[in-house]
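Survey of secondary and tertiary structure
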Amino acid sequence: MPNIVNNSQEGKKLNSSDVASEFESLKISVLQKAKRVSLGNQNQVTIGPNSTFSYDDINDLEKKENIQNSCNIHEDEKNKIITENYNHISTRNSITFSIKKILYENELQRKELVRQKMRKRIEEMERSLSASRKEIEIYHSILSVQREQVRKDELSRLEAEEERQAQQMELRRKHEQQLLAQRIKEQKEKLERDAEEERKKIKEQEEMIMIQNNFHEKFRDFELLTNSCKEKYIIEPYIEKIHEFRNHMETIGSAARAGRLTVTDFEFAKITVQNIEEVLRHFKIEIERINAMHDAKIAQREQELKEAEALQLRENHQLTQIQQEIFVPEPLGIEVTDSVNEEIENVPSTETANAPDIELYKFFDKESLQIFVESDELINSCKEKYEIYIKSIEGKQFRSQSQKKIINPINALSLQSKEFFQDQYERLRFVLSGNLSSDSRADAYIKNTLAIQIISQGENVVSSKPEAAYPIAAIAVALWNEWPEFGDLLLANFRIKCPFIVPVFFPRLTGQTDMEYYKSLGYKYNENGIVEDHIKFLKRITGLMRLYSSIIVTRQRQGIMKNHPHGLQFAWRWLAAMLNNEPQTQFSDIYATLIVVVLEVTGHYLWTAYPKQFPKLLSLMITDYYPIISKIRGINDGPLDRLEEFLKQCLTTKTIPPPKGELPPNYW
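Not measured: the values here are computed from a predicted model.

Concerning the overall build of the protein chain
Scanning the protein chain from N- to C-terminus turns up 20 helices and zero strands. When burial is assessed residue by residue, the protein chain has 34% of its 668 residues classed as buried. Sequence-distant contacts in the protein chain: of pairs separated by 6 or more residues, those separated by 24 or more amount to 72%. Split by element, the accessible area of the protein chain, about 42100 Å² in all, is 53% carbon and sulfur.

Section: the packing of aromatic side chains
If you walk through the whole model with that rule in mind, you get 20 aromatic pairs. With a centroid separation of 5.2 Å and 70° between ring planes, the pair formed by phenylalanine 372 and phenylalanine 506 is classed as edge-to-face. Taken together, the residues phenylalanine 372 in helix H9 (residues 366–391) and phenylalanine 506 in the loop between helix H14 (484–497) and helix H15 (514–521) connect sequence positions 134 residues apart. A residue is classified by how much of its surface remains accessible, and phenylalanine 372, at 15% relative accessible area, is buried. A ring pair is formed by phenylalanine 505 and phenylalanine 587, whose centres lie 5.5 Å apart and whose planes are at 45°; its orientation type is tilted. Here phenylalanine 505 is found in the loop between H14 and H15, whereas its partner phenylalanine 587 is found in the loop between helix H17 (569–580) and helix H18 (588–609), with 82 residues between them in sequence. Accessibility classification places phenylalanine 505 together with phenylalanine 587 in one group, the buried group. Through a chain of ring-to-ring contacts, three or more aromatic side chains come together here, namely Phe500, Phe505, Tyr517, Tyr518, Tyr523, Phe537, Phe587 and Tyr591.

Overview of the environment of phenylalanine 505
Judged by relative accessible area, phenylalanine 505 falls into the buried class, the value being 1%. On a C-alpha basis, the gap between phenylalanine 505 and leucine 369 in space is 9.6 Å, while along the polypeptide they are 136 residues apart.

Quick notes on the packing of H18 against helix H19 (residues 613–631)
For the pair H18 and H19, interaxial distance at closest approach is 13 Å and the crossing angle is 170°. The orientation of H18 with respect to H19, classified from their angle, is roughly antiparallel. Contact with H18, carried on its side by Ser588, Tyr591, Ile595, Leu599, Gly603, Leu606 and Trp607, involves Phe614, Pro615, Leu618, Met621, Tyr625 and Ile629 of H19 and no other residues of that element. Residues belonging to the contact of H18 with H19 are distributed by class as follows: eleven nonpolar, two polar and no charged.

Quick look at the packing of H19 against helix H20 (residues 638–653)
One can describe the packing of H19 onto H20 by two numbers: an axis separation of 10 Å at closest approach and a directional angle of 150°. On the basis of the axis angle, H19 is roughly antiparallel to H20. Of the two possible hands of crossing, H19 and H20 adopt the one that is left-handed. Residue-level contacts link Pro615, Leu618, Ser619, Met621, Ile622, Tyr626 and Ile629 of H19 to Leu640, Asp641, Leu643, Glu644, Leu647, Lys648, Cys650 and Leu651 of H20.

Some remarks on helix H11 (residues 418–432)
Helical geometry note: an α-helix holds 3.6 residues per turn, so side chains three or four residues apart project in the same direction. Between its first and last C-alpha atoms H11 spans 21 Å; for 15 residues at 1.5 Å apiece the expected length is 21 Å, and the two agree. Of all the positions in H11, only Phe421, Gln424, Tyr425, Leu428, Val431 and Leu432 are classed as buried. The buried residues of H11 occupy an angular sector of 120° when projected down its axis, which confines them to one face. Structurally, H11 contributes buried residues whose contacts are with helix H10 (393–411), helix H12 (440–462) and helix H13 (469–482). Phi for glycine 434, located one or two positions after H11, is positive at around 85°.

Quick look at the pattern of salt bridges
Side chains that differ in sign of charge can pair as their charged atoms come close. According to the stated counting rule, one finds 22 salt bridges in the structure shown. Where glutamate 154 meets arginine 157, a salt bridge forms, and the shortest distance between an N and an O atom there is 2.2 Å. Of this pair, glutamate 154 and arginine 157 both sit in helix H4 (residues 99–228), separated by three residues, roughly a single helical turn. Arginine 157 sits in the partly exposed class, given a relative accessible area of 44%. In this structure, lysine 447 and glutamate 485 form a salt bridge, with 2.4 Å as the shortest nitrogen-oxygen distance. Here lysine 447, found in helix H12, pairs with glutamate 485, found in helix H14; they are 38 residues apart in sequence, far enough to count as distant.

Quick look at the nonpolar core
Counting 103 residues, the largest nonpolar core has Leu490 and Phe614 as the members making the most contacts within it. Residue contributions to this core peak at 13 residues, all from H18. Every residue in contact with phenylalanine 614, bar those within four places of it in the chain, is listed here: Trp572, Leu575, Leu599, Gly603, Leu606, Trp607 and Ile656. In this structure, Met208, Met249, Ile252 and Ala269 belong to the second largest nonpolar core, which totals six residues.

Some points on a nonpolar patch on the surface
Together, Val114, Met118 and Ile122 line one region of the surface with nonpolar side chains, adding up to about 240 Å² of accessible area. In this structure, valine 114 sits in helix H4. Using a relative accessible area of 37% as the deciding quantity, one classes valine 114 as partly exposed.

Here we look at unusual backbone geometry
In this model, valine 502 is joined to proline 503 through a cis peptide bond whose omega is 10°. By the element assignment, proline 503 lies in the loop between H14 and H15. A positive phi angle, near 55°, is found at lysine 654, a position not held by glycine. Its identity as a non-glycine residue notwithstanding, asparagine 666 has a phi of 55°, on the positive side. With respect to the helices and strands, the residue asparagine 666 is situated in the segment after H20.

Re empty space enclosed by the protein
The final tally for this structure, using the stated rule, is two cavities of 30 Å³ or more. In this model, the largest cavity occupies a volume close to 160 Å³. For the largest cavity, the lining is made up of 15 residues, of which Ala474, Thr554, Arg555, Leu663 and Pro664 are closest to its centre. Residues of the lining of the largest cavity, tallied by class, amount to eight nonpolar, four polar and three charged.

Some remarks on H10
The first and last C-alpha atoms of H10 sit 27 Å apart over 19 residues, in line with the 27 Å expected at 1.5 Å per residue. Residues of H10 that are buried: Gly395, Phe398, Ser402, Ile406, Pro409 and Ile410. The buried residues of H10 occupy an angular sector of 100° when projected down its axis, which confines them to one face. Facing away from the buried side of H10 by over 90 degrees, the exposed positions are Ile393, Gln397 and Lys404.

Some points on the confidence of the model for the protein chain
The share of residues in the protein chain with pLDDT of 70 or more is 68%, and the mean pLDDT across the chain is 77. In the model of the protein chain, helix H7 (residues 338–346) stands out as the element of lowest mean pLDDT, 35, in contrast to H14, which has the highest, 96. In the model, residues 322–358 has pLDDT below 50 throughout and makes 19 contacts with residues more than four positions away in sequence or in other chains.

Definitions and limits used
Residues numbered from 1 in each chain as written. Predicted model: local features only at pLDDT ≥ 70, side-chain atom pairs only at ≥ 80, totals over all residues. Heavy atoms only, no water. Helix = DSSP H or I, 4+ residues; strand = E, 2+ residues; numbered from the N terminus. Buried < 20%, exposed > 50% of the residue type's maximum accessible area, 1.4 Å probe, protein only. Contact = heavy atoms within 4.5 Å. Areas by Shrake-Rupley, 256 points an atom, 1.4 Å probe, with all protein chains shown as cover. Phe/Tyr/Trp six-rings, centres within 6.5 Å; stacked < 30°, edge-to-face > 60°. Axes fitted to C-alpha atoms, helices over the stretch in contact; angles between N-to-C directions. Parallel < 35°, antiparallel > 145°, perpendicular 65-115°, else oblique. Nonpolar A, V, L, I, M, F, W, Y, C, P; charged D, E, K, R; others polar. Left-handed = near helix turned anticlockwise from the far one by under 90°. Expected span 1.5 Å × (residues − 1). Arc of directions from axis to C-beta. Salt bridge = Lys/Arg side-chain N within 4 Å of Asp/Glu carboxyl O. Core = buried A, V, L, I, M, F, W, Y, C linked by side-chain atoms within 4.5 Å. Patch = residues over 30% accessible without salt bridge, like charges linked within 9 Å, V, L, I, M, F, W, Y side chains within 5 Å. 1 Å grid on protein atoms, 1.4 Å probe; cavity = no way out; pocket = protein on both sides within 12 Å on 5 of 7 lines; lining within 4 Å. Points joined across faces, edges and corners; volume = space filled by probe spheres on them. pLDDT = per-residue confidence, 0-100.

In structure tokens:
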């Protein structure tokens, strides 16, 4: 409500009529204001804080209205009235109202009202905010409780998971311990089985060695009895039987060295020993009987000779007396009767009958000599097949053609590539397959020529380049698998070319010339009849022995299931034969050189195949064999020093490295 002010009587109380008149005046003012508003711009905001209503506009309107209503008043009075009316409004009771104050008061009231509403709104908002804060605090506390519960639940879950994992780990650990214990038990059982099998094998080998020693002892007894037999014709059936037993024992011995002994082999070996004992017993009885008869016959013949000598002495004495009586100085010409001569010739000399054999077999065994003789016979029989054919016109053409087909692939053999190597093999295989000729004589010539060409590679190439032995050996073994007769010719040519491969070391025989003797050893003579230099000879046979040893250790091709045609047992036999033969002075450097070559090439595999026996052989070689040949040092001492160093290194390191240059496994 607007404040009402009285200009004349300020501070006095107004009565009710005055107030009523003032309200009348206010109503008129409001109506006037409404009129002015209606006459003004209705598009403007006239109420509220955004109002564009101006008090100056109101005053201007009032002035205009007052001027219009007071047209009969003097100009000065009009101006005075206008001025007074501008500031005051008079009522009937002489109460003057100020429009500006009213509007101002209205505005103040409006603003106060707005402020109150704003305060009320702010209070409500504060109450709402306080409530919201309380709700938020409550919500936060709830969330905190929930988070704490979630944390506890997660912690419980993690503890449960950890416990579960710990249990699983414990179960897994126990399971692994059980598996480990099971594996240890299995390994222990396997080791026990292996140890038992090893003990069994050792026992079997020891038993087999005892059986073999027993057999060899019986065989030596047989040889002694043979030498003591005075009637050679009864020996032949027993010799055949004994050699048959010996072949059986060799077969069983090979199976023992290869670890393939069976119960049947043991039983057969025992039966063989029993058989030789039985044969030896009968042979001994027969020899005693024959020797007794022979001794009786010799005694009878000696008695007859004594009687004949006594008779001759008596006759000589009588003739002497007669000649003295008749003084005839004729020469005495008594002749012994034919019967006496025959008896003297038939008396055997036990001291010299076996002397050549005993002297010869000091340097090599009978089996080696037999192998050498059979090899020589095989080559001679092969040459007899094609010798006449090759000299014919057709044979000469074939010889020229076949030699090119053989020599070119052999000379080109190398490991430059797998395909090239395979191609050279196929070329040689094509030649051996009979594609050049279907004549059996041509086939014999091709096989022998190929064998000779392979051996020449050992003399000329391998002697200077040791690693070249292995591709040649691989080809030789592959062809040997398909054509065993070619392998036999190859082996025979090796042995004839170099008898030490057997091994055979021929001594010089009585009446033998230098050329005959050196050729028997494998030396070459030039066209001028000059023998090969010893150093060159040693280098050449080293190449041959290296190639031969490489054939022994060469692996089979991929997909070949056959046994090796000339395996590791032949290297063992060669070393054993070398130790059993009595060394000769002139061969000491040859012994040492060839032994080193064989051990370098085959030693690694011999140690693997015979892990217990082979070190014993090496130890025997350095303790017993080497001192013997070192005492008989011959032309060249270098090989002996190399042999000693090699043996010491092997026994110190307890191993022999694989040969250098050998083909990788499954190369082709």
